[in-house]
Amino acid sequence: MIYELHSGTPDNVLDDLRQIEGAYLTSVNGHHLVLTHGSTPLPYLEKYENHISRTVETVPDIQLSSKAYHPNKRAIKIGELTIGGDTNNTLVIGGPCAVESEAQIMEAAAYMKKVGINVFRAGAFKPRTSPYTFQGLGAEGLRLLEAVREKYGLKIITEVKDSTHFDQVAETADIVQVGAKAMYDQAVLRACGQIRKPVLLKRHFGATIQEWVQAAEFILLGGNQEVMLCERGIRTFENKTRFTMDITGVAWIQHHTNLPIIMDPSHALGATYGIKSLAKASLAMGADGLLIESHPNPKVAKSDAKQQLPLETFGSMMEELRNIAPALGRTLV
Ligand code: PEP
Ligand code: MN
């Protein structure tokens, strides 16, 4: 249940409400909200009835992200660009899996700029499955991403893998990526709730849709309303592909939530051969964004080598997407 309070609700009333067990307060665009679990009204709230301007009944745990609360898709601003809202924009996010060196990142960024990409992605802190593989350049990687922004005017999305380096990443990034493995990290989610920058929340490969959206609720309840979900493939019985891109789940998200959805075929497939067709399928579904990995020399990439498109392949994918976008009613940004 969401109770929106009249503007100007006095501080002492807000303090009283905070004391009620099971009442969670937040503020969205200057409006105070009281949220409770489930649709059963809290008994003690009755006496505050005259402070309530709107009551929204929601299913348990899917509240601020629900269509009941906000019927239209949320608009997310990334600099001059907007996705979601009443736009038909699909944001193409490109770049390598990781920042590996100055030469590698600059070559990738120059190419992305050339083919019209506005938002550049690469990881500086990499959450690898093995501790014996490349872990990312860390703070040095963030500095190189800042140099990319400076030189090419690209917006930067980069990943936070745990809360030890949250502030550093949030300072550098224009969009903070919460990686699949960090989707369950409550410290990261709560920290994302405190910033005022867009957050791209990847789905853990073992998470149900419910758990994924609940993770988004942690960020929204913290006060940050700029949350995008990212479908990057889930683990199923199938092992011919790295993961299974859950497009039925995407349809559910589009129907039931107000959160923009970014689709990431690169991590789902784990190979290059089907990326173009999966990107087209995502565009046809009305994805608000695509996240595609591309590297100047994928063979020597230090992470996710098999799935990163050579730059020229990324370029030809962009051309094909641009050709079909008008027929699908989408605009690539
Ligand atoms: C990545 O985006 O490079 C990455 C590590 O992906 P995921 O968190 O989806 O595994
Ligand atoms: Mn990757």
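All of these numbers come straight from a predicted model, not from anything done at the bench.

(A) Structural detail: the overall build of the protein. Within the protein, the secondary structure is distributed over 10 helices and 16 strands. Here the C-alpha radius of gyration of the protein, 20 Å, is about what a compact globule of 333 residues would show, namely 20 Å. Taken along the three principal axes of its C-alpha coordinates, the protein extends 65 × 40 × 40 Å. A separation threshold of at least 6 residues defines the contact pool for the protein, and within that pool the share at least 24 residues apart is 68%. The distance from the centre of the 34 positive side-chain charges to the centre of the 36 negative ones in the protein is 7 Å.

(B) Region of interest: the site of ligand 1. Near ligand 1, the surroundings consist of Cys97, Arg121, Lys126, Glu159, Gln177, Gly179, Ala180, Lys202, Arg232, His267 and Glu293. Take Lys202: an N or O atom from its side chain is 2.8 Å from an oxygen atom of ligand 1. Between Arg232 and ligand 1, the recorded distance is 2.6 Å, taken from a side-chain N or O atom to an oxygen atom. A total of 290 Å² of accessible area belongs to ligand 1 in isolation, and the protein chains cover 93% of it. By residue class, the composition of the shell around ligand 1 is two nonpolar, three polar and six charged.

(C) Region of the structure containing the side chain of Asp174. Take Asp174: it is sitting in the loop between helix 4 (166-172) and strand 10 (175-178). One polar contact links Asp174 to Arg149, side chain to side chain, over a distance of 2.8 Å. Side-chain polar atoms of Asp174 contact the backbone nitrogen of Ile156, separated by 2.7 Å.

(D) Broad picture of the coordination of the manganese ion (ligand 2). All of the protein donors around the manganese ion (ligand 2) are Cys97 (SG), His267 (NE2), Glu293 (OE) and Asp304 (OD); their distances to the metal are 2.0 to 2.4 Å. Each donor residue of the manganese ion (ligand 2) belongs to the same chain, and together they define the spacing C-x169-H-x25-E-x10-D. Residue Cys97 is located in the loop between strand 7 (89-95) and helix 2 (102-114), and its partner His267 is located in helix 8 (residues 265-269); the two are separated by 170 residues in the primary sequence. The class for Cys97 is buried, based on a relative accessible area of 2%.

(E) The arrangement of the pairing of strand 6 (residues 81-84) in detail. For strand 5 (residues 75-78) and strand 6, the ladder comprises four bridges, and the chain directions are antiparallel. Across the sheet, the residue bridging to Lys77 is Thr82, located in strand 6. Counted along the chain from strand 5 to the antiparallel partner strand 6, the turn is two residues long, and its residue Gly79 has a positive phi close to 60°.

(F) Local environment of the packing of aromatic side chains. Per the counting criterion, the structure on display carries one aromatic pair. Between Phe205 and Phe243, the ring centres sit 5.3 Å apart and the planes meet at 25°, which makes this aromatic pair stacked. You can see Phe205 sitting in the loop between strand 11 (199-202) and helix 6 (209-222) and its partner Phe243 sitting in the loop between strand 12 (227-231) and helix 7 (247-256), a full 38 residues away along the chain. Arg235 extends its terminal NZ or CZ atom over the ring of Phe205, reaching a point 4.7 Å from the ring centre. Positioned above the aromatic ring of Phe134 is the side chain of Lys302, whose terminal nitrogen or guanidinium carbon lies 5.2 Å from the ring centre.

(G) Focus on helix 2. Here helix 2 spans 18 Å end to end across 13 residues, near enough to the 18 Å set by a 1.5 Å rise per residue. Within the span of helix 2, buried status applies to Gln104, Ile105, Met106, Ala108, Ala109, Tyr111 and Met112. Contacts from the buried residues of helix 2 go to strand 7, strand 8 (119-121), helix 3 (139-152), strand 14 (289-295) and helix 10 (311-324). The positive-phi residue at the C-terminal boundary of helix 2 is Gly116, with phi of around 90°.

(H) Seen up close, the environment of Phe166. Looking at where Phe166 falls in the secondary structure, it is placed in helix 4. Between the C-alpha atoms of Phe166 and Ala187, which are 21 residues apart in sequence, the distance is 9.4 Å. Not counting chain neighbours up to four residues away, the residues in contact with Phe166 comprise Val160, Val188, Ala191, Cys192 and Ile195.

(I) Spotlight on the nonpolar core. Val178, Cys192, Leu201 and Leu229 are the most contacted members of the largest nonpolar core, which totals 45 residues. Looking at which element gives the most residues to this core, the answer is helix 6, with seven residues. Sequence-distant contacts of Leu201, defined by excluding residues within four places in its chain, comprise Val178, Met183, Leu189, Trp212, Ala215, Ala216, Ile219, Met228, Leu229 and Cys230. If you look at the next biggest cluster of nonpolar residues, it comprises 33 residues, including Met112, Val115, Leu283 and Ile292.

So, how was this worked out
- Residues numbered from 1 in each chain as written.
- Chains lettered and ligands numbered in written order.
- Predicted model: local features only at pLDDT ≥ 70, side-chain atom pairs only at ≥ 80, totals over all residues.
- Heavy atoms only, no water.
- Helix = DSSP H or I, 4+ residues; strand = E, 2+ residues; numbered from the N terminus.
- Rg over C-alpha atoms; globule rule 2.2 N^0.38 Å.
- Contact = heavy atoms within 4.5 Å.
- Lys, Arg positive; Asp, Glu negative; His and termini not counted.
- Charge placed at Lys NZ, Arg CZ, Asp CG, Glu CD.
- Near = heavy atom within 4 Å.
- Polar contact = N/O pair within 3.5 Å; in protein donor to acceptor, adjacent residues only side chain to side chain.
- Areas by Shrake-Rupley, 256 points an atom, 1.4 Å probe, with all protein chains shown as cover.
- Nonpolar A, V, L, I, M, F, W, Y, C, P; charged D, E, K, R; others polar.
- Donors = N, O, S within 2.8 Å, 3.2 Å for Na, K, Ca; no water.
- Buried < 20%, exposed > 50% of the residue type's maximum accessible area, 1.4 Å probe, protein only.
- Pairing = 2+ DSSP bridges.
- Phe/Tyr/Trp six-rings, centres within 6.5 Å; stacked < 30°, edge-to-face > 60°.
- Lys NZ or Arg CZ within 6 Å of the ring centre and 35° of its normal.
- Expected span 1.5 Å × (residues − 1).
- Core = buried A, V, L, I, M, F, W, Y, C linked by side-chain atoms within 4.5 Å.

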